[in-house]
Structures are given as structure tokens and as C-alpha cells.
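Examination of the molecular architecture
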Amino acid sequence: MDDARTVDLVLEGGGVKGIALVGAAAALIDNGYSFARIGGSSAGAMVGSVIAAMQQAGEPFSRVDDILRTIDYTSFLDRRRGPRTIRWWPRGADAWGVLFHLGAHPGAHLQQWLAGVLGDLGVRKFGDLTFVDPGSSLPPELSYRLVVTASDLSRQRIMYLPWDLAKHGHDPAEFSVARAVRASAAIPFLFEPVRVKSPFGQLALADGSLLRSYPIELFDRDDGLPARWPTLGVRLSSPAGERAKAKPVTGPVSLLTNLIRTTVDSTQVRHVSDPTSANRSIFVKPKGVRWTDFDLTAEQRQNLYDTGYQAVERWVAKNKPKPKSEAKPFTITE
């Protein structure tokens, strides 16, 4: 592993804005970077899981690009049998799902799609993403190429998957990667929470962005030793553009949905000025698209991808090391 261009990559959550994360990752790879481990929340978890599986399988990044840029996000808005009987009344179908299942959409298609993509790459459980890393501060049983965040609504705390699974009676190596990512991406009221049995009772896991949209500190060492390679993060930190289409609030379901949208958007930008994360972050800031705009046009998809790619290109150009006679070599600080 070339430590000079090896980083731990952290990807912020952002719904459909995650296409910009694909562009950013592509630009990093085109500039010679490789990723030892990947952490992420929500869309960052989805993108990170596919990249981690591709790296584990030794596949070229072009396959990641093809898969993630052509996702049909509207297909993730699946329905249970009951709400399907009133699909001509979308708000009524949403209300049915929320009242009886705590989410307008079950999220089964999202999990099945991701399980198929990862399975084709030989990744089904976290044990397929183990990372042989003898110099790590983590014990071997917690050494994985992928870690994702989820919000445990039943115990009001953040969970890091697969790290926190053992304390709830689950073998981290045997837990489904697709299920963990599905939990991280479960936007409250829009998707049903993921239920996980625990000695403390049944857990309800939802969108990791609620509590930790950008876990930049995820791979920082806690044993006092210097990092062998830096952490680099990609942020989708800008709220919806000024000209973004309004989302009408006309009833209790839309009120709750827009409340979640507002909460998550504000969470994403809360730590923008934090100097401990800003100096190792690439700010993408896609505009004019909300993280729940599932019906993206081809032009919007391309613009998101280009925004991520160009942000990294600017960052690389800005941080290119100068000759030793002029300045110290560039390093990304922990």
C-alpha cells in the first residue's frame, strides 16, 4: 500500500446528492489516491459500500461509476400490499405506511438492489470486508474496510456498524452489509426503520445522518500513536439551493416529512466551520437539489457528478506540494 496516496475516506450523507460523492471518489482515484477504509452515513454509506466491495474484489472504479450513476432512485420508493391498493392517492398511501409500519416505504427494494450489487462482487456480510491491518489501534475483530453510522431511535444514540453489533448479541462478521447500509439510509417517516434484536430490547435503526452525518473522526487513533495515513472526507454541506422547488406542507404527513428534511439539512451544515474537520475535508456543495429529490433528470445527475469531480480537482490543485525550496511538502493533518 502506497502510504503517500493512501487515505481513510469518510463520506457525508446527503440522499440523492450522493451522486456527487461518486464524482469526488472518481477524481481522487484519477489523482492516484486509494482508500484503506471507508466510513459513511446514509448516501455516503451506500456509495462507500460499493467502493469498498469493488476494492476488495479488485475491480476497476469504472464499474462503481456505472452502477452508482445509473441508479433508479424512484424504484426505492416501494410499497407494501395495503398502500398499493390506493396508489392513486400517494399521500394516503404514505399515511398508511407511516401509521402501520412507521415509514411510507419499506425500503425492501433498496436493500435487495444493494445486496445484489454487493453479492456479485463477493460481499454479503461484513466478514467479506475484513481488513488485515496489524498496525491498527483496533482489535482484529473490529478491522473492516467499511463502517457506517445509524441512529438507534429506541435508545437515542449513534451506532457504528459493524463495530457496535457485538454488544447487542450479533456477530459483526456475519451481519449483512446491505442491511446495515439500509439502516443508515432509512430516512424517518420516508423509510421504515430497520429492526434489530438486542439484549436491551428491539432496536429501531434509522438514518445515520440524524446524529452523525459526517463522522470524520471515525478512524482517528485513540492509542496516542501517529496515524500511518491520513483521513480525508467529502462533504455535501450546502443546503438546498435558493431556487429549489418548494415542498408544500398541506397535512400531517407532509409536515412530518418536511420537518425531517429541515432537521437533516441543518445537521449536514452544522459542523462546516469546525477547524478539526475542515482541514481534512473537501467541500462539494451541490446546489438546486434536495436530498429527497428521487426523480432526478439525466442533466441533474450529470451536474451532481461533475460538481463532485470538479471539487476534488480544485482541492488537488490547491494542495499540490510546492518545491522543497519554497515550502514544506503537503500533508493532510489528522
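The structure displayed is predicted, hence computed values, not measured ones.

Our next topic: the overall build of the protein. Looking only at helices and strands, the protein has 11 helices and 10 strands in total. Out of the 334 residues belonging to the protein, those deemed buried represent 51%. Long-range pairs, those at least 24 residues apart, make up 75% of the contacts in the protein between residues at least 6 apart in sequence. Total accessible area computed for the protein in this model is approximately 15400 Å², and 54% of it derives from carbon and sulfur atoms.

Quick look at the side chain of S184 now. With respect to the element layout, S184 can be found in helix 7 (residues 177–184). With relative accessibility at 0%, the residue S184 sits in the buried group. Here the side chain of S184 touches S42 through a polar contact of 2.7 Å, landing on its backbone nitrogen. In contact with S184, other than residues within four places in its own chain, are G40, S41, S42, A45, V148, T149, A150, A206, D207 and G208.

Overall, the coordinates contain 10 aromatic pairs when judged by the stated rule. Seen in terms of ring centroids, F191 and F294 are 6.3 Å apart; in terms of plane orientation they differ by 80°. Their pairing is edge-to-face. Of this pair, F191 sits in strand 6 (residues 189–191) while F294 sits in the loop between strand 10 (281–283) and helix 11 (298–318); the two residues are 103 residues apart in sequence, bridging distant segments of the chain. In terms of burial, F191 and F294 fall into one category: buried. Through a chain of ring-to-ring contacts, three or more aromatic side chains come together here, namely Y73, F76 and W113. A cation sits over an aromatic face here: R155 above F200, 4.1 Å from the ring centre. Over the face of the ring belonging to W229 we find R228, whose NZ or CZ atom lies 4.6 Å from the ring centre.

Turning next to the environment of Q156. Inspection of the secondary structure puts Q156 in the loop between strand 4 (146–152) and strand 5 (157–161). Under the relative-accessibility criterion, Q156 is labelled exposed at 62%. Spatially, the C-alpha atom of Q156 lies 9.2 Å from that of L211, the residues being 55 residues apart in sequence. In terms of polar contacts, Q156 uses its side chain to reach the backbone carbonyl oxygen of L153, at 2.9 Å.

Calculation rules
- Residues numbered from 1 in each chain as written.
- Predicted model: local features only at pLDDT ≥ 70, side-chain atom pairs only at ≥ 80, totals over all residues.
- Heavy atoms only, no water.
- Helix = DSSP H or I, 4+ residues; strand = E, 2+ residues; numbered from the N terminus.
- Buried < 20%, exposed > 50% of the residue type's maximum accessible area, 1.4 Å probe, protein only.
- Contact = heavy atoms within 4.5 Å.
- Areas by Shrake-Rupley, 256 points an atom, 1.4 Å probe, with all protein chains shown as cover.
- Polar contact = N/O pair within 3.5 Å; in protein donor to acceptor, adjacent residues only side chain to side chain.
- Phe/Tyr/Trp six-rings, centres within 6.5 Å; stacked < 30°, edge-to-face > 60°.
- Lys NZ or Arg CZ within 6 Å of the ring centre and 35° of its normal.

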